[in-house]
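Spelled out from the first residue to the last, the chains are:
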Amino acid sequence: MLWIEVISVSLIAIVLALLLIHQGSNSTMNQLRLKGVPITGLGPALVLAMFSFVGFESATTLGGEAREPLKTIPLA
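No experiment lies behind these values; they were computed from the predicted model shown.

Visitor: Just give me the short version of the overall build of the chain, but keep the residues and values in it.
Guide: Each helix and strand counted, the chain has 4 helices and 0 strands in total. Moving toward the C terminus, one meets the helices and strands of the chain in the order α-α-α-α. Taken across its 76 residues, the chain has 3% of its residues classed as buried.

This is the structure we're talking about:
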């Protein structure tokens with residue numbers, strides 16, 4: 001399971017690196033500074049990010065308690 005997570009994070013990092021190479025870093029710095037982003041637009045994004053993180057973490061926690069996690073979690 002750890003190797004699957006390492007591969008997943010590595011693929012995400014590769015896609016991010018390719019995006020930065022292709023798009024350049026000028027627009028990325030504006031995005032990191034949240035230039036022109038109203039607080040009303042930031043709220044729903046933060047809620048979605050938190051729910052995604054909580055869902056992922058609860059799946060890993062509950063996966064440790066399953067009798068056969070490699071069989072039952074993919075079925076779910």
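On we go.
Visitor: So what's going on with helix 1 (residues 2-23)? Which residues, and what values?
Guide: The end-to-end C-alpha distance of helix 1, which contains 22 residues, comes to 31 Å, matching closely the 32 Å that a straight helix rising 1.5 Å per residue would cover. With 0 of its 22 residues buried, helix 1 lies for the most part at the surface.

Visitor: Describe a nonpolar patch on the surface, and please don't skip the residues or the numbers.
Guide: A cluster of nonpolar side chains, Ile7, Leu11, Ile14, Leu18 and Ile21, forms an exposed patch at the surface whose accessible area comes to about 540 Å². Relative to the helices and strands, Ile21 is located in helix 1.

The rules we used
Residues numbered from 1 in each chain as written. Predicted model: local features only at pLDDT ≥ 70, side-chain atom pairs only at ≥ 80, totals over all residues. Heavy atoms only, no water. Helix = DSSP H or I, 4+ residues; strand = E, 2+ residues; numbered from the N terminus. Buried < 20%, exposed > 50% of the residue type's maximum accessible area, 1.4 Å probe, protein only. Expected span 1.5 Å × (residues − 1). Patch = residues over 30% accessible without salt bridge, like charges linked within 9 Å, V, L, I, M, F, W, Y side chains within 5 Å. Areas by Shrake-Rupley, 256 points an atom, 1.4 Å probe, with all protein chains shown as cover. Salt bridge = Lys/Arg side-chain N within 4 Å of Asp/Glu carboxyl O.

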